[in-house]
Amino acid sequence: MITLGMLMLLENPGKPAELRADPDLIGTAVEELLRYLSVIQFGLPRYATQDVTIGGIEVKAGEWLVAAVPSGNRDESVFPSSDTLDLGRQVRTNLAFGFGAHVCIGRHPARIELQVALSTLLRRIPELRPAEPLAQSEFKRNDIVYGLQSMRVTW
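It should be emphasised that the depicted structure is a prediction, and the values quoted were computed from it without experimental measurement.

K.L.:
Honestly, the overall build of the protein in this entry has me stumped. Any pointers?
P.N.:
The helix and strand tally for the protein stands at 5 helices and 6 strands. What you see in the protein, going N to C, is helices and strands ordered as α-α-α-β-β-β-β-α-α-β-β. In terms of overall dimensions, the protein has a C-alpha envelope of 55 × 30 × 30 Å along the principal axes. Looking at the 155 residues of the protein, the share that counts as buried comes to 33%. Put simply, 61% of the contacts in the protein that link residues at least 6 apart link residues at least 24 apart. Working note: accessible area of the protein is about 9,600 Å², and carbon and sulfur atoms make up 54% of it.

And the structure:
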């Protein structure tokens, strides 16, 4: 997520400068990056414990369904202009770390790690930029967590 987050910042002109100009924005920016990137790309199987209607579809107790994390994080009814990376977006919640009984116990230290890593890289290496076009980057395939195999940079 650190690599993907940094890549998104560097690939979106003005975003690094925006964070350097307002360092207090890093918490909000991390939440937006978590929402926007959705590193868990596969559907999460869930078991209905009671009858429920979701999006007009009835799901009976005992039936299975698949929760698509990226789709939930791009839900226009929750996140207007969801395909836009907005570092100032006031994200109420996102599905990056799961939800409810399935929420990741490491979510708090992960958020802090992202805030420290991204803000430190932006502050200490302001000339940081990708060394190759995004199209040449090698992404992980068929992995539980989506991301880059590596990210070549220069400064």
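Moving on, there is more to tell.
K.L.:
Just checking my understanding: could you explain helix H1 (residues 2-11) for this structure?
P.N.:
Structural remark: α-helix, 3.6 residues per turn; residues separated by three or four positions point the same way. Counting buried residues along H1, 7 of its 10 residues qualify, which places the element largely inside the surrounding structure. If you check which residues of H1 are buried, you get Leu4, Gly5, Met6, Leu7, Met8, Leu9 and Leu10. Where the residues of H1 are buried, they touch helix H2 (15-21), helix H3 (26-37), helix H5 (107-124) and strand E5 (129-130).

K.L.:
For this particular structure, what's the right way to read the environment of Pro133?
P.N.:
Topologically, Pro133 is positioned in the loop between E5 and strand E6 (153-154). A relative accessible area of 47% places Pro133 in the partly exposed class. Separated by 122 residues in sequence, Pro133 and Glu11 place their C-alpha atoms 9.4 Å apart.

K.L.:
Please clarify how the nonpolar core should be interpreted in this entry.
P.N.:
Generally speaking, a soluble globular protein has its nonpolar side chains buried in company with each other. Grouped together as the largest cluster of nonpolar side chains are 29 residues, with contacts concentrated most on Leu19, Leu33 and Leu87. Contributing elements (two or more residues each) for this core: H1, H3 and H5. By residue number, the principal contributor to this core is H3, which donates 7 residues. Every residue in contact with Leu87, bar those within four places of it in the chain, is listed here: Leu9, Lys15, Glu18, Leu19, Leu25, Thr28, Ala29 and Glu32.

K.L.:
What is the right way to read the confidence of the model for the protein from this model?
P.N.:
Close reading of the predicted structure is inappropriate where its pLDDT is low. Taken residue by residue, the protein gives an average pLDDT of 90. The fraction at 70 or more is 100%. Considering each helix and strand of the protein separately, the mean pLDDT is smallest for strand E1 (residues 43-47), with a value of 81, and largest for H5, with 96.

K.L.:
Which parts of the structure should I look at to understand the packing of aromatic side chains?
P.N.:
In this description, an aromatic ring pair is defined by two values, namely the gap between the centres and the angle between the planes. This structure, assessed with the given rule, holds 2 aromatic pairs. Taking the centre distance of 5.6 Å and the plane angle of 10 degrees together, the rings of Phe139 and Tyr146 count as stacked. Residue Phe139 is classed as buried on the basis of its relative accessible area of 15%. You can call Tyr146 partly exposed: its relative accessible area is 28%. Over the face of the ring belonging to Phe79 we find Arg35, whose NZ or CZ atom lies 5.2 Å from the ring centre. Above the plane of the ring of Tyr36 lies Arg74, whose end atom (NZ or CZ) is 4.2 Å from the centre.

K.L.:
Can you help me understand the layout of surface pockets in this one?
P.N.:
Where empty space is left can be seen by rolling a probe of water-molecule size over the atoms. If you add up the space inside the largest pocket, you get close to 710 Å³. Around the largest pocket, the lining is made up of 23 residues, and of these Arg46, Ala67, Ala68, Leu95 and Phe99 lie nearest the centre. Counting only elements with at least two residues in the lining of the largest pocket, the list comes to E1, strand E3 (57-59), strand E4 (64-68) and helix H4 (69-73).

Cut-offs used in this document
Residues numbered from 1 in each chain as written. Predicted model: local features only at pLDDT ≥ 70, side-chain atom pairs only at ≥ 80, totals over all residues. Heavy atoms only, no water. Helix = DSSP H or I, 4+ residues; strand = E, 2+ residues; numbered from the N terminus. Buried < 20%, exposed > 50% of the residue type's maximum accessible area, 1.4 Å probe, protein only. Contact = heavy atoms within 4.5 Å. Areas by Shrake-Rupley, 256 points an atom, 1.4 Å probe, with all protein chains shown as cover. Core = buried A, V, L, I, M, F, W, Y, C linked by side-chain atoms within 4.5 Å. pLDDT = per-residue confidence, 0-100. Phe/Tyr/Trp six-rings, centres within 6.5 Å; stacked < 30°, edge-to-face > 60°. Lys NZ or Arg CZ within 6 Å of the ring centre and 35° of its normal. 1 Å grid on protein atoms, 1.4 Å probe; cavity = no way out; pocket = protein on both sides within 12 Å on 5 of 7 lines; lining within 4 Å. Points joined across faces, edges and corners; volume = space filled by probe spheres on them.

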